[in-house]
Amino acid sequence: MRRERLTLLGLLAVFAALAFVPTFFNLRFIIFILTLTNIFALLAVSWNLLSGYMGLLSLGHSFFFAGGGYAAAIVALNLGIPPIVAIFVGAVIITGLSCLIGLPSLKLRGHFFALVTLVIPVIAYQVTNALPQLGGHDGIFGIPPISTDANVVYLISLSFVFLGVMVTYVVVRSRLGIIFSCIKDDETASMACGIDVPRYKLYCLAVSVFLAGLAGGFYAFLNGVISPATYELEKASLPLLMTLLGGRSTLLGPVVGAYIIETIIESLKVEILVRSRLLIYSALALMIFMLFPSGIVGYVRRRFYAHTED
Amino acid sequence: MPILRTEGLTKSFGGIVAVNNVSITIEKGEMVGIIGPNGAGKTTLFNLISGMEKPDQGRVYFNGEDVTSMKPYHLSQKGLVRTFQIVRPFKSLTVYQNLVAPTTVRSAKPDHGFIDRILDTLGLSNKKNLPTNLLTHGELKMLEVARGLASKPILLLLDEPFGGLTVNEIERVSTVLKEFVENKGTLVIIEHRLRELMKVVGRIIVMDQGKIIFEGLPADVPKSEEVVKAYLGSSKVFGVE
C-alpha cells in the first residue's frame with residue numbers, strides 16, 4: 001500500500017515538473033521537440049503494454065500510429081469536428097480496424113505474431129500510396145493545428161502521455177495485470193488455469209492500439225500533414241528501442257526512454273548520423289540488451305527496492 | 001451419474017494411433033491411477049479430456065455434459081482442471097501469486113486460508129513470497145499440484161505429480177490429495193512411481209499402445225498377464241514377487 005502511494009506520488013511529481021519547467025522558460029523550439037517527444041513517449045507506452053506486459057512482440061506499431069493519424073485527419077477534414085475529438089475518433093477507428101486484422105493473427109504464437117505485425121505496415125504503405133482518396137503518395141495536407149499556442153499543444157501532449165501511463169497503471173494493477181503476466185509466462189498453463197487467452201490478447205491489443213492511435217492522431221495535427229512515410233520501419237522500431245532502454249514492463253520506462261532517445265536524436269542532427277540512424281538504433285539496441293537487460297527504470301527499481309521487495 | 005465419461009476416444013499422430021478407442025468412467029469421489037509404459041498414450045488421453053487436443057473420434061462427458069472439443073479454459077472454469085508433467089510455473093509471479101492466479105482470473109475472491117493450508121501441508125509456506133526460479137525441481141512439481149488444487153476443481157487430472165520427488169515430498173503431496181478427495185473432489189493420476197501410487201488410489205487403469213489393457217483394484221494389477229507382458233515380463237515393479 002505504501003509502495004503504491006509512493007509510485008503514484010512519484011508519477012505526479014514527474015509530470016508536474018514536465019508541465020511547469022519547459023513552459024516557464026518558454027523556448028519555442030524546445031517546446032516543439034518536447035511535444036514530439038511526448039507523442040513518441042505515448043507510442044512507447046502503448047508498445048510497452050502489448051509487448052512489455054503481455055509479451056506479444058509487435059514490430060508494426062507504425063501501422064497503429066499512422067493509421068490513427070490518417071483516421072483522425074480524414075475525420076477532422078470531412079466532418080469539421082474539433083481536433084481533440086477527431087484524435088479520439090481516429091483512435092477508435094484504427095482500434096476497430098486493427099482488432100479485425102488482429103483477430104486471426106492472435107492465434108499465432110511467439111515470433112509468428114511479430115512477423116505478421118512486421119508485414120502489416122508494409123501492406124498499409126502500399127495501399128495508402130495507391131489510393132488517391134487517402135492522398136496517395138503526398139498524403140493529406142492542411143490539417144488544422146490543435147491550438148496556435150505552442151505551450152497549450154505541449155501541455156495537451158503531456159496530458160496524453162499521463163493518460164497513457166495511468167491507463168497502464170490501472171490495467172496492470174487490476175485482474176488484467178495478473179492475467180497478462182500469466183499469458184506472457186506460459187500460454188498453455190494460462191489456458192489450464194481458465195484464462196481465455198485469445199480474448200485477453202484481443203483486449204490488450206485494443207488498449208495498446210487505442211493509445212498508439214491517439215499518438216498518431218496528435219502527430220498528424222502537430223505536423224499539419226500525414227503521409228505514407230509515417231508507416232516506415234523507424235516509427236515501429238523507435239517505441240521498441242525507447243521501451244527497452246527505459247525498462248519494459250515498468251510504468252515510466254517508456255517515457256524515460258523516449259526522452260533520452262529523442263534528446264540524442266535532436267542533439268546529433270548531423271547529416272551522416274541522420275542517414276545512418278537505423279544502424280545507430282541497432283547498435284544501441286544491442287548495447288541495451290548486453291548492459292541493461294531490464295532497462296534504466298528496471299535497474300533503478302532493483303537498486304532501490306531490492307530490500308523492500310516483500 | 002459419473003463425473004467423467006469418455007466414449008471411444010481416438011487420436012492419431014500421422015501413422016501412430018496414440019489413443020485407440022478408449023472408454024473410461026470415473027465416479028464422483030474416486031481416486032483413479034492411470035499407468036502404462038512410456039508412449040502408452042496416457043498424457044494424450046489427458047490432453048483429449050482437458051481440451052488441449054481434439055479427438056479424431058469419440059466423445060467426452062463431464063458431469064453429464066458433452067464437452068468434446070471444448071476449449072481448455074472453459075473446461076477449467078467448469079471445474080475440470082489438469083496439471084502438467086513438465087512443470088509450467090508463471091515465472092514473473094511469486095509462489096503465492098501462482099496459486100491465487102487461477103481464482104482471480106475467474107473474478108472470484110481467492111480463499112487465502114485454503115491456499116495457506118495447502119502451502120503448509122506441502123512445506124512451501126516459508127517460500128510463498130519467493131519468485132518461482134528460486135524453487136527446487138521437487139518444489140516446482142509440488143507447486144504444479146498446488147496450483148491445480150487452489151481453484152477448488154471438481155475433477156483434477158494430475159500428470160506424474162510424484163516424478164522427481166523425495167519420499168518425504170511424496171508423503172506431503174499424498175496428504176493434500178487425500179484431503180482433496182475427502183472434500184468431495186475427484187482425482188485421476190498418471191504416475192510411474194507405482195508403489196507410491198498404489199498406496200493412494202482405489203482403482204487402476206493400465207494403458208499400453210493407446211489401449212486400455214486392464215482396469216481394476218491395485219492388488220489385482222500384477223496378476224494380469226497382459227499387464228506383466230507390457231512391463232517386460234517383470235512383476236517386480238509392482239512390489240510383489
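The rules behind these values
Residues numbered from 1 in each chain as written. Chains lettered and ligands numbered in written order. Predicted model: local features only at pLDDT ≥ 70, side-chain atom pairs only at ≥ 80, totals over all residues. Helix = DSSP H or I, 4+ residues; strand = E, 2+ residues; numbered from the N terminus. Rg over C-alpha atoms; globule rule 2.2 N^0.38 Å. Buried ≥ 20, exposed ≤ 12 C-beta atoms within 10 Å, placed from the backbone. Contact = placed C-beta atoms within 7 Å. Pairing = 2+ DSSP bridges. Axes fitted to C-alpha atoms, helices over the stretch in contact; angles between N-to-C directions. Expected span 1.5 Å × (residues − 1). Parallel < 35°, antiparallel > 145°, perpendicular 65-115°, else oblique. Left-handed = near helix turned anticlockwise from the far one by under 90°. Nonpolar A, V, L, I, M, F, W, Y, C, P; charged D, E, K, R; others polar.

Participant: Any details on the overall build of chain A? Residues and values, ideally.
Facilitator: The helix and strand tally for chain A stands at 14 helices and zero strands. Going from N to C terminus, chain A has its helices and strands arranged as α-α-α-α-α-α-α-α-α-α-α-α-α-α. Whereas a compact globule of 310 residues would reach a radius of gyration of roughly 19 Å, chain A reaches 19 Å, a difference of no more than 12%. Taken over 310 residues, chain A has a buried fraction of 46%. Within chain A, contacts between residues at least 6 apart in sequence are counted, and of these 80% link residues at least 24 apart.

Participant: Let's hear about the interface of chain B and chain A: which residues, and what values?
Facilitator: Of the residues lining the interface, 19 residues belong to chain B; the matching set on chain A comes to 18 residues. Counting only elements with at least two residues in the side of chain B that touches chain A, the list comes to helix H2 (72–78), strand E7 (80–82) and helix H3 (95–104) of chain B.

Participant: An account of the pairing of strand E10 (residues 203–208) of chain B is needed here, citing residue identities and associated values.
Facilitator: All names here are of chain B. Where strand E4 (residues 31–35) meets E10, four bridges bridge the pair, whose relative direction is parallel. Note that in E10 the partner of Ile-35 across the bridge is Val-206. Strand direction decides the pairing type here: E10 and strand E11 (residues 211–216), joined by five bridges, are antiparallel. By the bridge assignment for E11, Val-206 is matched with Phe-214.

Participant: How would you sum up the sheet that holds E10 of chain B? Please name residues and give values.
Facilitator: Residues and elements named next belong to chain B. Judged by pairing direction, the sheet is mixed, and its six strands sit side by side in the order E7-E8-E9-E4-E10-E11 without closing on themselves. Bordering the open sheet on either side are E7 and E11, each of which pairs with just one other strand. On average, each strand axis in the sheet is tilted by 15° relative to the strand beside it, whichever way the strands run. With four bridges connecting them, E4 and strand E9 (residues 186–190) associate as parallel partners.

Participant: Before we move on, can you summarise unusual backbone geometry with the specific residues and values?
Facilitator: Of note in this structure, Ser-249 of chain A is not a glycine but carries a positive phi near 55°. Mapped onto the fold, Ser-249 of chain A is located in the loop between helix H10 (233–246) and helix H11 (253–267). We note that Lys-152 of chain B has phi near 50°; this positive angle belongs to a residue other than glycine.

Participant: Before we move on, could you go through the environment of Gln-77 of chain B and cite the residues and values that matter?
Facilitator: With respect to the helices, strands and loops of the structure, Gln-77 of chain B is situated in helix H2. Its 18 C-beta neighbours within 10 Å are what place Gln-77 of chain B among the partly exposed residues. Taking C-alpha positions, Gln-77 of chain B is 20 Å from Thr-6 of chain B, a pair spaced 71 residues apart along the chain. Dropping the residues within four chain positions of it, Gln-77 of chain B is found in contact with Gly-194 of chain A together with Arg-106 of chain B.

Participant: How would you explain helix H9 (residues 197–223) of chain A if you had to name every residue and give the values?
Facilitator: Between its terminal C-alpha atoms H9 of chain A stretches 39 Å, which fits the 39 Å expected from 27 residues at 1.5 Å a residue. Gly-224 of chain A occupies a position one or two residues after H9 of chain A and carries a positive phi of about 80°.

Participant: Describe H11 of chain A, and please don't skip the residues or the numbers.
Facilitator: Here H11 of chain A is 15 residues long and its end C-alpha atoms lie 21 Å apart, about the 21 Å a rise of 1.5 Å per residue gives. Within H11 of chain A, the full set of buried residues consists of Gly-253, Pro-254, Val-255, Val-256, Gly-257, Ala-258, Ile-261 and Glu-262 of chain A.

Participant: With reference to specific residues and values, describe the packing of H10 of chain A against H11 of chain A.
Facilitator: Residue and element names in this part refer to chain A. In the contact formed by H10 and H11, the axes pass within 7 Å of each other and the chain directions differ by 110°. As summarised for this structure, H10 and H11 are arranged roughly perpendicular, according to the angle between their axes. The handedness of the crossing between H10 and H11 is right-handed. Here Leu-238, Leu-241, Met-242, Thr-243, Leu-245 and Gly-246 of H10 come into contact with H11, specifically with Gly-253, Pro-254, Val-255, Val-256, Gly-257, Ala-258, Ile-260 and Ile-261. Taken together, the residues of the contact of H10 with H11 sort by class into ten nonpolar, four polar and no charged.

By themselves these figures say nothing about function.
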